Amino acid sequence: MIQDVIREMALGQSTFIAPVLNVSRRSLLMGLGAGLVLATPLSRPADAAEQKAVKKYGGDAMPHGVVDDPHIFIVLAADGSVTVICNRSEMGQGVRTSLPMIVADELNADWARVKVAQAPGDEERYGNEDTDGSRSLRHHFLAMRRCGAAMRMMLEEAAATQWGVPVTEVAAVHHEIVHRASGRKLSFGALAEAASKLPTPAHDKLQFKDPAKFQYIGKADIALIDGVGITTGSANYGIDTRLPGMLYAVIARPPVYGGVVKSFDASETLKVPGVVKVVSIEPTPIPSEFQPLGGIGIIAKNTWAAIKGREKLKIVWDDGPNATYASDTFRKTLETAARQPGKVVRKDGDVYAALPKAAKRVSAEYYIPHLAQAPMEAPAATVQIKDGHCEVWACVQSPQATHDRIAKRLGSAVKDVTVNVTLLGGGFGRKSKPDYAVEAALLSQAMAGTPVKLTWTREDDIQHSYYHTVSVEHIEAGLDASGKPVAWLHRTVAPTIISIFKPDPKHEAPFELGMGAVNNPFLIPNFQVENPAAAAHTRIGWFRSVSNIPHAFAILSFAAELAAAAGRDPKDYLLELIGPPRKIVPEALADMWNYNENPKLYPFDTGRLRAVIEKVADESGWGRSLPKGHGLGIAGLHSFASYTAAVVEVAVGDKGQMTIPRVDIAIDCGPIVNPERIRSQLEGAVIQGISLATLGEITFRNGRAEQSNFDGYQLTRIDAAPKVIKTHILPMKDYDQPLGGVGEPGVPPVAPALLNAVFAATGKRIRQLPLGSQLASG
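The rules behind each value
- Every chain is numbered on its own, with residues counted from 1 as its sequence reads.
- Only residues with pLDDT of at least 70 are given local features in this predicted model, and only at 80 or more are side-chain atom pairs given and counted; all residues enter the totals for whole chains, interfaces and linings.
- To obtain the side-chain values, all non-hydrogen atoms of the structure were included, while hydrogens and water were left out.
- Buried Ala, Val, Leu, Ile, Met, Phe, Trp, Tyr and Cys residues that are joined via side-chain atoms within 4.5 Å together make up what is termed a nonpolar core.
- A 1.4 Å probe rolled over the protein chains alone gives each residue an accessible area, and that area as a share of the maximum for its type sets the label: buried under 20%, exposed over 50%, partly exposed in between.
- Helix numbers and strand numbers start at the N terminus; a helix is a DSSP run of H or I with at least 4 residues, a strand a run of E with at least 2.
- Counted as positive: Lys and Arg. Counted as negative: Asp and Glu. His and the chain ends are not counted at all.
- A side-chain nitrogen of Lys or Arg and a carboxyl oxygen of Asp or Glu constitute a salt bridge if their distance falls within 4 Å.
- Pairing of N or O atoms within 3.5 Å defines a polar contact, subject to two protein rules: one partner must be a possible hydrogen donor and the other a possible acceptor, and residues neighboring in sequence count only if both atoms are side-chain atoms.
- Any two residues whose heavy atoms approach within 4.5 Å at even a single point are treated as in contact.
- Pairing between two strands is assigned when DSSP locates at least 2 bridges connecting them.
- Note on geometry: axes are lines fitted to C-alpha atoms, helical ones only across the stretch in contact, with angles between N-to-C directions running from 0 to 180 degrees.
- Pairing of aromatic rings covers Phe, Tyr and Trp, the last through its six-membered ring, and needs centres within 6.5 Å; plane angles under 30 degrees mean stacked, over 60 mean edge-to-face, and all others mean tilted.
- Placement of a positive charge over a ring is assigned whenever Lys NZ or Arg CZ falls within 6 Å of the ring centre and within 35 degrees of the normal to the ring plane.

Draft legend 1. The nonpolar core, seen in detail. By size, the foremost hydrophobic cluster in this structure holds 101 residues, and its most contacted members are Trp-488, Phe-522, Phe-558, Ile-613 and Leu-755. In terms of residues, this core owes the most to one element, helix H17 (residues 548–566), which gives 10 residues.

Draft legend 2. Seen up close, the side chain of Arg-544. Note that Arg-544 resides in the loop between strand S20 (526–531) and H17. Nearest to the buried, unbridged Arg-544 among oppositely charged side chains is Glu-744, at 6.7 Å. A polar atom in the side chain of Arg-544 sits 2.8 Å from the side chain of Gln-688. Apart from the residues within four sequence positions on either side, Arg-544 is in contact with Phe-428, Ile-549, Gln-681, Gly-684, Ala-685, Gln-688, Gly-743, Glu-744 and Val-747.

Draft legend 3. Region of the structure containing the pattern of salt bridges. With the rule as written, the count across this model stands at 38 salt bridges. Among the ionic pairs, Lys-415 bridges to Asp-416, the shortest N-O distance being 3.4 Å. Given the relative accessible area of 67%, Lys-415 is considered exposed. Here the salt bridges share partners, and the residues they tie into one network are Arg-253, Arg-310, Glu-439 and Asp-460.

Draft legend 4. Geometry of the pairing of strand S17 (residues 452–455). Residues of S17 alternate between two faces, with Val-452 and Leu-454 on one and Lys-453 and Thr-455 on the opposite face, all of them buried. Pairing between strand S7 (residues 247–252) and S17: 3 bridges, direction parallel. Pairing of Ala-249 across the sheet is with Leu-454, part of S17. In terms of strand pairing, strand S14 (residues 380–386) meets S17 through 4 bridges, oriented antiparallel. Opposite Val-383, over in S17, you have Val-452 as the bridge partner.

Draft legend 5. Quick peek at unusual backbone geometry. Note the cis peptide between Ile-286 and Pro-287, where omega equals 0°. Tracing the backbone through its elements, the reader meets Pro-287 in the loop between strand S9 (275–281) and strand S10 (295–300). Of note, His-174 is a non-glycine position whose phi angle comes to about 45°, a positive value. Mapping His-174 onto the fold places it in the loop between strand S4 (170–173) and strand S5 (176–179). Judged by its relative accessible area of 44%, His-174 falls in the partly exposed class. Non-glycine residue Ser-545 carries a positive phi angle of around 85°.

Draft legend 6. Broad picture of the sheet that holds S4. Within the open sheet, the 3 strands sit side by side as S4-S5-S6. Their pairing is antiparallel. Strands with a single pairing partner mark the edges of an open sheet, and in this sheet they are S4 and strand S6 (185–187). Across this sheet, the average inter-strand angle for adjacent strands is 25°, counted without regard to direction. Against the sheet, helix H8 (residues 188–196) engages S5 and S6, with an angle of about 75° to S6.

Draft legend 7. Here's a closer look at the packing of aromatic side chains. Inspection of every chain in the model, using the stated rule, returns 16 aromatic pairs. The interplanar angle of 45° and the centroid separation of 5.8 Å between the aromatic rings of Trp-111 and Tyr-216 together place this pair among those described as tilted. One end of the pair, Trp-111, is in the loop between helix H5 (95–107) and strand S3 (114–118); the other, Tyr-216, is in the loop between H8 and helix H9 (227–232), and 105 residues separate them in sequence. Judged on exposure class, the residue Trp-111 and its partner Tyr-216 are both buried. One aromatic cluster is present, formed by Tyr-325, Phe-330, Tyr-467 and Phe-700 through successive ring pairs. One residue, Arg-539, lies across the ring of Tyr-466, its end atom 3.9 Å from the ring centre. Looking at Arg-765, its charged tip hangs above the ring of Phe-759, at a distance of 3.5 Å from the centre.

Interpretation in functional terms is not warranted from these geometric data alone.
If you want it as C-alpha cells, here you go:
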C-alpha cells in the first residue's frame, strides 16, 4: 500500500488519503523503484549531537526537540516535484501550508510544484510532533528555513560540480539551478539524485535568503494546500478512514470519572442485527492520564448497529469516588477557598499591610465553569492489528503520545506500532489526549486481525471529555486618593491539569499560573498572587488558551472595575496599569512567565502590549459617540509569546437581548509567515471567545456531565456572531526576531472585552461566565 502511495507522489498523482501519511524511511526507500529520488541518508546532520542535546528553552527543551535535516523533511522526485514532510497535525490552522511555504521560499521552489505529506508518529526521526501550545511555527520556522536553505545549497553544489564551475557562480531560481555566466540551467529533478548524496551543510555555513526577496513568507495570497479537498469534501479526516473488511464500534463508558462496571448483560445487544461482538475494556485507575476510562465496547458491521446495540446494554455502574460531584456545591467550595489565604506564588511588597491603608478598597470575584472543546469532528480512530503489527489511522494532535500509549497498553514493542495522522476536524486541545486511539487498539486486538473503527458520538464527546478547569478568581485592590492602585491581591482557585498525571494534586502547576496570574505586568508596588488548594473530580485537560481564559477574564474585567471606581477611561487606565514600555526578563521564572521560551529572546515587552491595545483602540474608534444601549469594552494581554487586544461593541435592548455589531482584534506575533491564516485564526478565536463568554458551560450533578449535545452545550451560531470582525496584524519585518504563537492568543481577551462592553452599555457587571440570561434577568 505504502509503495503505491510513494509511486503516486513521484508521479504527481497523490491526494490527501490516509495511506499517504506513513512516510517512514523504509517506505520511502521502497519508493525508489518508482523513480523517486530522495535525500535520505541513514544518519543525522554533522551537528546531530548538538540537536540531541536537551537545552533549557524553546523547541529544544521539548521531548525529542527540533530536527532540521533536509534529508528527513524534503523529498525530491525525478519530475522535479518537491514534497515537504509535515510533522505537525492539521486542524484548520494551516500548518500543512505554512511549514512548506517556509521550505519552498528558502529553496526558491515553484509553489505550484510543492506537495505535502504527513509524518507518522516518530519523534526520534521527526523531532517533537505535539501540535499544541501555539508553537508549530514558533519552534519550527528557523528549522524549516534551515531545511530549505540547506537543500538549495546542496542542489547548487551538485550543479556546480556537474558543470565544473565554482559554486559561487550558480544560484537557485524558480525551481532551477542557473549558471549566471553561461545561462545554463538544470532542473531540480535533474539534480535530485546527485544532491541527495551530499551531506547537509553545517548551521554556520548556511546562507539564508534575504527576507526582502521572500516570495511566499509574509504574503497574503497563498491558498491552503488542503483547501480544495476540505471545501469539496474529498479531504480525509479521522472519521473518514475506510479499510477493507473494517468493523465499526462505539463504547459505553463510565458516566462518572473513576467509575467502573459492576456487572452487565449483553444478551439483548447481541440480538441487534449487525452486532458482532461485545468487549469489556479494563478501566484505568485515577489518575487516568491518556488511557481509556474503561467500559463495554460494541463492535458491529456498521456504526448505527453498534449504537443501537449500546442502547440495549444493561449495565450496573459503581460510580466510584466522584459520585457526588456537583457543580453548584463545588463552586461554593472554591469560593470558600478563594476567600482565605492560600499558597503564595508571587509576592512583591506587603499587600496585607497596604490594603487597610488604601483610600479606597475594591474587590470582586469571578466564576468560570468547565468547558468542553467539542470539535466538529468528534474523536475517531481506526486500528488494525495484524501479524504482530499495530497500524493506526487517527485525528490526533500528538501522534507520538498516541504511539507510546498504544504500545504500552498492548504490551507491544515500539517498532510494532505505526500511527498515521489524518486531518483533524478541529482539536482545541482535546485531541492531544489519545485515549480514543488506545480504545480502538484494544477493540482491534479483540478482533484478531480485523480492522476496527471507533467513533465517538457527540454525546460521548461532551460527556467524557478532558474538560477545561472550573475556576474562581478573587481579586482585591487598594487605591490611593487619585485612584491609582497601591495594592493588588489575586487568589486563583482551580483544579489542575496535573490531576490526570499525578494522584490528588492540590495546586495549579507553574505553567498554569504563568498564564496571566503570576506574570501580570501591572506596575503596583504591593502585589501578591495566591493559589489556594482545589481538588479535581473529573478529567481536566487543555482547552484553547488554557488558564489564560479565567485569568484574563478576571484580571481584565477587574482592571475595568478599577477604572470605573477611579472615574477613568478603561483604556487609559489599563495602559497606566501596564506602565511605560519596558522589557521584563524573568530568567528565574522562565517556566512561569514565558511559556518555557528563552527570556532573553522572548522578554515580556510591555511596549508591544501597549501597542496592540492602542492599535485596536484606534481602529475601533474608541471613545466615539454610541447610540443608547451600545457600549465598547477593551482588553489586552500577553500569551503564548504574542500580544493581543480586543475591542468589542455590544448593543443591549430593553429586555436584555444582546447583539454584537463589531469586534476589533489586534495581534503582534512577531515576524509574519502566513497572514491569511493569522486573520483566519483570529476570526475563529473571536467566535470561540464569544461562545465561551455567552453560552459555554458544562455542569455536573451526581458526578455526571449534565449536557450531552449542542442543545445543552451551546455554541455561537451565525445569527449571534458579530456583524463585523476586523483583524489588525502589527507588522514586524525583522525575520531574525523570534516568532510568537497565533492559534490561541486571540481567545482570552474576547470575554473580558465583551463583558466590559456590557457594563458600558448597561451599567451591569457580569462576573460569572457564561453570560447566558443574566442580562434578561434584570
